[in-house]
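Residues per chain, in single letters:
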Amino acid sequence: MIDGKKWNNVFKSRIDVYYDELKWLYAELYDNDMQAFDYFVDMLYSFYKKRNKQLKEMDEARSVVHDWFAGNDMLGMLMYTDCFAGSLKGVKSHLDYIEECGVNYIHLMPLLESPKGKSDGGYAVSDFRKVEPSLGNMRDLSNLAKACHERGISVCLDFVMNHTSEDHEWAKRARAGEKEYQDRYFFYDNWDIPNEYEKTVPQVFPTTAPGNFTWCEEAGKVVMTSFYPYQWDLNYRNPVVFNDMTANMLYLCNQGIDIIRLDAVPYIWKTLGTNCRNLPEVHNLVRIMRIACEIVCPGTLLLGEVVMEPSKVVPYFGSVSKPECHTLYNVTTMASTWHTVATKDVRLLKHQLGQVFALPKQYVFLNYLRCHDDIGWGLDYDYLQQFGIEEVPHKKYLNDYLKGVWPGSDSRGELYNDDPKLGDARLCGTTASLSGIEAAEYEKDKNKLSKYIGLDLMLHAFLLTQSGIPVLYSGDEIGQLNDYSYHNDPHKKDDSRYLHRGSLDWASVARRHEEGTREKCIFDGIRKLTKLRNSHRVFESAADTWIIETWNDHVLGIGRYYKGEKLIALFNFNDYAETAWIDDEEDYIDMMTGELRPAKAVGIPAYGFVWLIKNFK
């Protein structure tokens, strides 16, 4: 039985709010296993006690301003530690640069211990409480987090919860035949049950890692491996797994991590006869994890990685009264943005944004132009069908355009996970290379370069116009190009995502101060946009947002209103000048020039944008 008498008043006041719900959810998942539940609650208290004074003070401050992350001042940057600065100490040494970029939230890509050659970019974790030695150690991570907090910078870290590396201690003991540890995974004596799963469970990587199971020679059994053969799926039906993995998450929170990115969260509960995606039990688990954070470290955010269509993504917010994730990736808007770059037609993007704008304002999305992964074409093909667009040939067009093989296209990308049988593939590339900047520089065409820098900046302006948290990929702030050297690395050559995971070129960073350079144009342009965003509350997530009809399928119009400020944002996705046929009676100021400008028949240059603002106070 739990001995609540030992709890201090703060912990007791927090757990009292959630105790009945927590017990009910846990009992439902784990068949009233109260011994496991008591262990779970005791574990929460142990991590609360271990949390240091500075982090507890930050928890209290954020509890007062519970939506501290939903303002107009958040700007994230995603980076691989080794690519950005070699090590955690290297990242710490470059915090001045991160501040110069206006960034106050850094997402450090997976950096926990993983076996070389079988790490999947750090997503095959062999020890959740050790940093990969080449990057530093846990003390370095804690010191970096502390230095970031002193500058008002939050730190995000991936928590890979669906699986472990086959080199994890649990997996080693499972291979050795210990049933207790085999029960932490999905082990089967033969292929009968795995074959039944395969009838209903889609393959994650059908070309590079087909199937959902792998034969383990040492154990003489079959083990579930949804992603890669060296990533063994954890069995969350076992309360020991959930208890210990939650403890691993809280351990990272106590190192000073502010945002926990729940990796591949839709996959974590498996039921035979289903697709093993987004099952109801997943939401119960995420809700319990949210409660655990609210009790132990309420200043911590949960970021859900749900790379699916909107109908599957939004439920991970939970409800307003019983929330799950604090924020989720706006993946469909990202994909629809690149669709619009390739088609120059904004109708799908308008449709997608209309769905987002209709959601409660408490739902805060993380917005981005690209991430460490590929661009998947999970578009609304039912909507596109009315225009005679069919899924398979349209995907081929999008990929051909963004690869640069379509006539007239200057984009430079590469395919990822091409499946010729299904006519399906995803796409990789940096924002600058996909925007045409790489091709323009190769051709030494100044006119093209100017036009495509304009496209790059227009895309960032669109990113910053959306409600939520905008996140840059490290290098995009200077227009970094594709890195083709991965083709020569035996550990990377089969994964085209490394095309846009290249090391930050610090010589290129230095050129951000040189007149006439691509780096200066993009760095100064993005910085001007972010400063404007920070200084106007109309960009806060609480603002009213709507689609403005421009009567031009090349021009996207977005309206925002908040506390006396109204914004009209117009984006021309065509490579020719266009007109937004709007007719607003009010006088506006062009935010980029500071000049008065009427919101009537607004002309916009090729790949240009306009931010018009009116203050009604």
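As shown above, the structure is provided for reference.
The rules behind each value
- Residues numbered from 1 in each chain as written.
- Predicted model: local features only at pLDDT ≥ 70, side-chain atom pairs only at ≥ 80, totals over all residues.
- Heavy atoms only, no water.
- Helix = DSSP H or I, 4+ residues; strand = E, 2+ residues; numbered from the N terminus.
- Rg over C-alpha atoms; globule rule 2.2 N^0.38 Å.
- Buried < 20%, exposed > 50% of the residue type's maximum accessible area, 1.4 Å probe, protein only.
- Areas by Shrake-Rupley, 256 points an atom, 1.4 Å probe, with all protein chains shown as cover.
- Lys, Arg positive; Asp, Glu negative; His and termini not counted.
- Charge placed at Lys NZ, Arg CZ, Asp CG, Glu CD.
- Pairing = 2+ DSSP bridges.
- Axes fitted to C-alpha atoms, helices over the stretch in contact; angles between N-to-C directions.
- Expected span 1.5 Å × (residues − 1).
- Salt bridge = Lys/Arg side-chain N within 4 Å of Asp/Glu carboxyl O.
- Parallel < 35°, antiparallel > 145°, perpendicular 65-115°, else oblique.
- Contact = heavy atoms within 4.5 Å.
- Nonpolar A, V, L, I, M, F, W, Y, C, P; charged D, E, K, R; others polar.
- Phe/Tyr/Trp six-rings, centres within 6.5 Å; stacked < 30°, edge-to-face > 60°.
- Lys NZ or Arg CZ within 6 Å of the ring centre and 35° of its normal.
- Patch = residues over 30% accessible without salt bridge, like charges linked within 9 Å, V, L, I, M, F, W, Y side chains within 5 Å.
- Polar contact = N/O pair within 3.5 Å; in protein donor to acceptor, adjacent residues only side chain to side chain.
- Core = buried A, V, L, I, M, F, W, Y, C linked by side-chain atoms within 4.5 Å.

### Examining the overall build of the chain
In step 1: On a plain count of helices and strands, the chain comes out with 22 helices and 23 strands.
In step 2: Against the globule reference of 25 Å for 617 residues, the chain gives a C-alpha radius of gyration of 25 Å, in line with a compact fold.
In step 3: In terms of principal-axis extent, the alpha carbons of the chain reach across some 70 × 55 × 50 Å.
In step 4: Across the 617 residues that make up the chain, the buried fraction comes to 61%.
In step 5: Accessible area for the chain stands at about 24600 Å²; split by element, carbon and sulfur atoms hold 50% of it.
In step 6: In the chain, 70 positive and 89 negative side-chain charges are present, and the distance between their average locations comes to 4 Å.

### Here's the deal with the sheet that holds strand 18 (residues 544-547)
In step 1: With antiparallel pairing, six strands are arranged side by side in an open sheet as 18-19-20-23-21-22. With one partner strand each, in any of the chains shown, strand 18 and strand 22 (596-604) form the two edges of the open sheet. Strand-to-strand twist of the sheet, defined as the mean angle between neighbouring strand axes without regard to direction, takes the value 15°.
In step 2: Bridge count for strand 21 (residues 578-590) against strand 22 is seven bridges, and the pairing is antiparallel. Bridge assignment links aspartate 587 to a residue of strand 22, and that residue is proline 598.

### As for helix 14 (residues 331-343)
In step 1: Compared with the 18 Å implied by 1.5 Å per residue over 13 residues, the 18 Å span of helix 14 between its first and last C-alpha is a close match.
In step 2: Taken as a whole, helix 14 has its buried residues at Val331, Thr332, Thr333, Met334, Ala335, Ser336, Thr337, Trp338, His339, Thr340, Val341 and Ala342.
In step 3: Downstream of helix 14 by a residue or two, lysine 344 has a phi angle that is positive, lying close to 65°.

### What about the pattern of salt bridges?
Pairing is possible between side chains of opposite charge, provided their charged atoms come close.
In step 1: Per the counting criterion, the structure on display carries 49 salt bridges.
In step 2: Here lysine 118 makes a salt bridge to glutamate 166, at a shortest N to O gap of 3.1 Å. With lysine 118 in the loop between strand 3 (112-113) and strand 4 (127-131) and glutamate 166 in the loop between strand 6 (163-165) and helix 8 (169-175), this residue pair connects regions lying 48 residues apart in the sequence.
In step 3: A salt bridge links aspartate 544 to lysine 361; the shortest N-O distance between them is 3.1 Å. Taken together, the residues aspartate 544 in strand 18 and lysine 361 in the loop between helix 15 (347-357) and strand 14 (364-368) connect sequence positions 183 residues apart.
In step 4: The partly exposed category is assigned to aspartate 544, whose relative accessible area is 39%.

### With respect to unusual backbone geometry
In step 1: For alanine 264, which is not glycine, the phi torsion reads 50° and is therefore positive.
In step 2: According to the relative accessible area criterion, alanine 264 is buried, its value standing at 2%.
In step 3: A positive phi angle, close to 55°, is found at asparagine 278, a residue other than glycine.
In step 4: Take asparagine 278: it is sitting in the loop between strand 11 (259-263) and helix 12 (280-296).

### Points about the sheet that holds strand 8 (residues 213-216)
In step 1: Reading across from one edge, 7-9-8 is the order of the three strands in this open sheet, with antiparallel pairing throughout. The open sheet has two edge strands, strand 7 (187-188) and strand 8, and neither has a second partner.
In step 2: Two elements, strand 8 and strand 9 (residues 221-224), share four bridges in a ladder whose sense is antiparallel. What sits directly across from threonine 214, in strand 9, is valine 223.

### Examining the packing of helix 14 against helix 17 (residues 391-403)
In step 1: Where helix 14 meets helix 17, the axes come as close as 9 Å, and the angle between the chain directions of the two elements is 75°. As far as their axial angle goes, helix 17 and helix 14 are roughly perpendicular. Contacts between helix 14 and helix 17 pair Trp338, His339, Val341, Ala342 and Thr343 from the former with His394, Tyr397, Leu398, Tyr401 and Leu402 from the latter.
In step 2: Its residues assigned to classes, the contact of helix 14 with helix 17 shows seven nonpolar, three polar and no charged.

### Looking at the packing of aromatic side chains
In step 1: Inspection of every chain in the model, using the stated rule, returns 39 aromatic pairs.
In step 2: Ring geometry for phenylalanine 205 and phenylalanine 227: centres 6.2 Å apart, planes at 70°, overall edge-to-face. Linking phenylalanine 205 in the loop between helix 10 (192-198) and strand 8 with phenylalanine 227 in the loop between strand 9 and strand 10 (231-233), this pair joins segments that are 22 residues apart in sequence. When sorted by exposure, phenylalanine 205 lands in the same class as phenylalanine 227, which is buried.
In step 3: An aromatic cluster is present here, built from Tyr19, Tyr26, Tyr30, Phe37, Phe40, Tyr236 and Phe242 joined pairwise through their rings.
In step 4: Over the aromatic face of tyrosine 48 sits the side chain of lysine 56, whose NZ or CZ is 4.0 Å from the ring centroid.
In step 5: The ring of tyrosine 473 carries arginine 370 above its face, with NZ or CZ at 3.9 Å from the centroid.

### A short note on a nonpolar patch on the surface
In step 1: Residues Trp546, Tyr561 and Phe616 make up a contiguous nonpolar surface patch of roughly 270 Å² in combined accessible area.
In step 2: Looking at the element boundaries, tryptophan 546 is found in strand 18.
In step 3: We classify tryptophan 546 as partly exposed; its relative accessible area is 31%.

### Regarding the environment of threonine 208
In step 1: Within the secondary structure layout, threonine 208 lies in the loop between helix 10 and strand 8.
In step 2: For threonine 208, a relative accessible area of 40% puts it in the partly exposed group.
In step 3: Along the backbone, threonine 208 and aspartate 419 are 211 residues apart, and their C-alpha atoms lie at a distance of 9.7 Å.
In step 4: Contacts of threonine 208, omitting those with residues within four sequence positions, involve Tyr228 and Asn417.
In step 5: Among the polar contacts made by the side chain of threonine 208, one reaches the side chain of asparagine 417 at a distance of 3.3 Å.

### Considering the nonpolar core
It is characteristic of soluble globular proteins that their nonpolar side chains tend to be buried jointly.
In step 1: Counting 195 residues, the largest nonpolar core has Leu262, Phe571 and Trp611 as its most contacted members.
In step 2: Ranked by residues supplied to this core, first place goes to helix 20 (residues 446-465) with eleven residues.
In step 3: Ile548, Tyr588, Ile604 and Val610 belong to the second-largest nonpolar core, a separate cluster that totals twelve residues.

In short, shape yes, function no, at least from these values alone.
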